[in-house]
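Descriptive analysis of the structure
Okay, here's what each chain looks like letter by letter:
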Amino acid sequence: MRHLEFQRMRVTLAIGVVGLCATAYILGAWQGTSSAIKDAPRPVYAKTQCDDAPSRAPSNASGTTRVASVASSGARLDFQAHHRVALNESSLATEMIPPCQLKYSEYTPCHDPRRARKFPKAMMQYRERHCPTKDKLFRCLIPAPPNYKNPFTWPQSRDYAWYDNIPHRELSIEKAVQNWIQVEGDRFRFPGGGTMFPHGADAYIDDINALIPLTDGNIRTALDTGCGVASWGAFLLKRGIITMSFAPRDSHEAQVQFALERGVPAMIGVMATDRIPYPARAFDMAHCSRCLIPWNKLDGLYLVEVDRVLRPGGYWILSGPPIRWKKHYKGWQRTEEDLKQEQDEIEDLAKRLCWKKVVEKDDLAVWQKPINHMECANNRNADEALQFCNNSDVDSAWYKKMETCISPLPEVQTEEEVAGGALENWPQRASAVPPRITRGSVSGITPEKFEEDNKLWAERADHYKKLIPPLAKGRYRNVMDMDAGMGGFAAALMEYPLWVMNVVPSGSAPDALGVIYERGFIGTFHDWCEAFSTYPRTYDLIHANKVFSFYHDRCDITYILLEMDRILRPEGTVIFRDTVEMLVKIQAITNGMRWKSQIMDHESGPFNPEKILVAVKTYWTAEPAQKQQ
């Protein structure tokens, strides 16, 4: 009997212990979740200084501006935009990376005009990317100019920018007649004019719309070569068309910088010897408005490159020389014979590419690429035709030389079939499974994985809205995804007034930049061991998903973070996703870069080993006295 009672006591004791353990575990998990919610960043309405003579951030004894970072994961982050934010000095033992001199406030490492002079001018080679060697990299923070202000919010930013942010009057004088840009007191105004559309981009786009349909969703992605201040792309946005605009850093000072300050997608770039950094079959439409590219020279090299990136059935639009040369030849200061020959050569080259001329009316000429190469391949005169490239590496475009052979389209069974697969109209295109995936041309990506990825990023975007409330309120306009995958992050943010530069690191697998373009988004190839082709302070929000795990053994991650600081606007935000160990390393470096940061739990909860680091670049500017150094 006693033995039976003893057994019962042991069972009761065991049940009690198990119950206590379970209760303790549940309480611990609840407290961890509550703590995570409690510690989530909330907007902090810090005192701002917006009077007529605002003071700068506190200075140290040497006179250089210093703003402390906060290392504690319990720090409160302020995502709001201010003119000046008062911050305290830090006594933390962190390497404080110093500011660069004011003369570097517009430094573009891989497009430095001084370095460019060392390279040949033939074929514009000196305007291509020429990055500094490791021993020439700057280990300092690119400063904002004195009196820098937060840009206007979209859509007002399309038409206005602060003069102090980009203090260059050259374009307002040089292009005064063409209405590119005007100075009005303390700000620039962008009337929307261009070299071939001085009366405004809106009217010019209406003229194009009368020739080819721009508003039915069939045309979504566009390429503007030699874009100026990107007014063509700016005014296409309201028609549901997103444009990748590029122009070189040349005598027309700060063209691309003006474009990005306006909240319009743009990059520094040039058609020279390397392929432009976009995949094949990327754009529905390409455009040149007096972009000064010698289309008829070099065996048609540049028009062949346009053909590579133009999707089947896509359009190429040309205005300016030599179109309508009979009317404009005197103004262009060229002979009739010279202009006629140029147009004849372009017409001939287009035929050799198997393009069809759609229309030429007034100052506009439009050609269309065939939907496949079946007829083109069957009816070629071997003596006159351009040859098809032997290799199938048509998407490769990172430091790869242009070729004068035609990039072959995917094979088809009939002349009516669209090579590579037809695309949905916009906006259905964004969520439809891209043809490259349905046809299995992207290794490792299936339609099921695509759908899972979309769902995953929708959940993550919802979580980001809780961590960063201004994300859903128009606080950010220019957004960059440093490792964009299939473009799920951009798709999840479609409802907001922003655009995303989807970057696919060169050499990463799988290469899904072509998928991103088939979804109706834009992006570029890039190697983050080098600087990006943009001016300082051109992005409001940067997203870095496991970027540093990918690069940590390829190059010094400090320089990647310094590059992020260069292109991020003051009071801009960065979202890092990575392992805890990597985020701790990142936070230690950014503490010395005047950033405030906080590590937070994964959207699935505190038990996921992956975490999120949210960082805000604090506001500070260079001292005017640095001009004399």
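Residues numbered from 1 in each chain as written. Predicted model: local features only at pLDDT ≥ 70, side-chain atom pairs only at ≥ 80, totals over all residues. Heavy atoms only, no water.

- In the annotation of an unreviewed UniProt entry, the protein is listed under the name Methyltransferase and assigned to Aegilops tauschii subsp. strangulata.
- In UniProt, the protein has this text filed under Sequence similarities (unreviewed entry): "Belongs to the methyltransferase superfamily." (UniProt positions renumbered as here; feature names shortened; annotations may be inferred.)

1. Observations regarding the overall build of the protein
- From N to C terminus, the protein includes 17 helices and 17 strands.
- Put simply, the protein has 629 residues, and 55% of those count as buried.
- The contacts in the protein between residues at least 6 apart in sequence include a share of 71% that link residues at least 24 apart.
- Within the structure as shown, the protein displays about 27,400 Å² of accessible surface, and the carbon and sulfur contribution to it stands at 52%. (Helix = DSSP H or I, 4+ residues; strand = E, 2+ residues; numbered from the N terminus. Buried < 20%, exposed > 50% of the residue type's maximum accessible area, 1.4 Å probe, protein only. Contact = heavy atoms within 4.5 Å. Areas by Shrake-Rupley, 256 points an atom, 1.4 Å probe, with all protein chains shown as cover.)

2. Some points on the sheet that holds strand S16 (residues 595–600)
- Overall, mixed pairing links the seven strands, which are arranged S13-S12-S11-S14-S15-S17-S16 in an open sheet. Of all strands in the sheet, those bounded by a partner on one side alone are strand S13 (522–526) and S16. With strand direction ignored, the average angle separating the axes of adjacent strands in the sheet is 20°.
- Across five bridges, the pairing between strand S12 (residues 499–505) and S13 is parallel. Along S13, the bridge assignment pairs Val504 with Phe525.
- Lying over the sheet, helix H12 (residues 447–467) contacts strand S14 (539–545), strand S15 (568–579), S16 and strand S17 (610–617), oriented at roughly 45° with respect to S17.
- Lying on the sheet, helix H17 (residues 580–590) is in contact with S15, S16 and S17; it crosses S15 at an angle near 155°. (Pairing = 2+ DSSP bridges. Axes fitted to C-alpha atoms, helices over the stretch in contact; angles between N-to-C directions.)

3. Considerations on the packing of helix H16 (residues 557–567) against H17
- It is the contact of H16 with H17, at a shortest axis distance of 10 Å, that shows an interaxial angle of 60°. Accordingly, the angle class assigned to the pair H16 and H17 is oblique. Considering how the two elements wind past one another, H16 and H17 form a crossing that is right-handed. Contacts from Ile557, Thr558 and Leu561 in H16 reach Met582, Ile586, Ile589 and Thr590 in H17. (Parallel < 35°, antiparallel > 145°, perpendicular 65-115°, else oblique. Left-handed = near helix turned anticlockwise from the far one by under 90°.)

4. A look at the nonpolar core
- Core analysis: the largest hydrophobic core is formed by 135 residues, its most contacted members being Met285, Trp295, Trp316, Met480, Phe548, Met564 and Phe576.
- Here this core gathers at least three residues from each of two domains, domain 1 (154–377) and domain 2 (425–615).
- Discounting chain neighbours no more than four positions away, the residues touching Met564 are Met482, Ile542, Phe548, Val574, Phe576 and Trp595. (Core = buried A, V, L, I, M, F, W, Y, C linked by side-chain atoms within 4.5 Å. Domains from an automatic or database assignment.)

5. Observations concerning the confidence of the model for the protein
- Here the protein averages 87 in pLDDT, while 84% of its residues score no lower than 70.
- Low pLDDT, under 50, characterises residues 29–74; the predicted model gives this stretch 100 contacts beyond four residues in sequence or across chains.
- Long-range and interchain partners of residues 83–92, a stretch whose pLDDT sits below 50, account for 32 contacts in this model, where long-range means more than four residues apart. (pLDDT = per-residue confidence, 0-100.)

6. Things to note about the side chain of His543
- Here His543 shows up in strand S14.
- Accessibility expressed as a relative area gives 1% for His543, which makes it buried.
- Polar side-chain contacts of His543 include one of 2.8 Å to the side chain of Tyr464.
- When residues no more than four places from it in sequence are discounted, the contact partners of His543 are Trp457, Tyr464, Met480, Asp481, Met482, Phe489, Ile575 and Arg577. (Polar contact = N/O pair within 3.5 Å; in protein donor to acceptor, adjacent residues only side chain to side chain.)

7. Description of the packing of aromatic side chains
- Under the counting rule described, the total for this entry stands at 22 aromatic pairs.
- Relative to Phe258, the ring of Phe188 lies with its centre 5.0 Å away and its plane at 85°, an arrangement referred to as edge-to-face. Placement of Phe188 in strand S3 (residues 187–189) and of Phe258 in helix H6 (residues 255–261) is noted, with a sequence separation of 70 residues between them. Like Phe188, the residue Phe258 is buried in the burial classification.
- Note on Trp457 and Phe489: the rings are 6.0 Å apart at their centroids and 70° apart in plane angle, and the pair reads as edge-to-face. Of this pair, Trp457 sits in helix H12 while Phe489 sits in helix H13 (residues 488–492), and the two are 32 residues apart along the sequence. The residues Trp457 and Phe489 share a single accessibility class, namely buried.
- Over the face of the ring belonging to Trp162 we find Lys149, whose NZ or CZ atom lies 5.2 Å from the ring centre.
- Across from the ring centre of Trp154, 3.6 Å away, lies the NZ or CZ of Arg477, which sits over that ring. (Phe/Tyr/Trp six-rings, centres within 6.5 Å; stacked < 30°, edge-to-face > 60°. Lys NZ or Arg CZ within 6 Å of the ring centre and 35° of its normal.)

8. Comments concerning the sheet that holds strand S9 (residues 356–361)
- Within the open sheet, the seven strands sit side by side as S6-S5-S4-S7-S8-S10-S9. Their pairing is mixed. Of all strands in the sheet, those bounded by a partner on one side alone are strand S6 (266–268) and S9. Neighbour-to-neighbour, the strand axes of the sheet open up by a mean angle of 20°, direction not taken into account.
- Across three bridges, the pairing between strand S4 (residues 221–225) and strand S7 (residues 283–289) is parallel. By the bridge assignment, Asp224 is partnered in S7 with His287.
- Here helix H4 (residues 201–209) sits on the sheet and contacts S7, strand S8 (310–319) and strand S10 (364–368); the angle it forms with S10, its principal contact strand, is near 45°.
- Contacts from helix H7 (residues 301–309) reach S4, S7 and S8 within the one sheet, and its direction differs from that of S8 by about 140°.

9. Considering the pairing of S7
- By the criterion of burial, S7 is predominantly enclosed, with seven of the seven residues buried.
- Bridge count for S7 against S8 is six bridges, and the pairing is parallel. Within S8, the residue paired with Ala286 across the bridge is Trp316.
- Taken together, S7, H7 and S8 constitute a β-α-β crossover, and its handedness is right-handed. (Right-handed = clockwise from strand over helix to strand, strands pointing away.)

10. Here we look at the state of the cysteines
- Applying the stated criterion across every chain yields a total of six disulfides.
- For Cys389, the disulfide goes to Cys405, at an S-S distance of 2.1 Å. Judged by the sign of its S-S torsion, about 100°, the cystine formed by Cys389 and Cys405 is right-handed. Residue Cys389 is found in the loop between helix H10 (374–378) and helix H11 (435–438), and its partner Cys405 is found in the loop between H10 and H11; the two are separated by 16 residues along the sequence.
- In this structure Cys405 comes out as buried when scored by relative accessible area, which is 15%. (Disulfide = S-S within 2.5 Å.)

11. Remarks on the pairing of S15
- The buried fraction of S15 is high, at 11 of 12 residues.
- Inspection of the sheet shows S14 paired to S15 by six bridges, in the parallel sense. The partner of Leu541 across the bridge, within S15, is Thr573.
- Taken together, the seven bridges between S15 and S17 define a ladder with antiparallel strand orientation. Pairing of Val574 across the sheet is with Ala615, part of S17.

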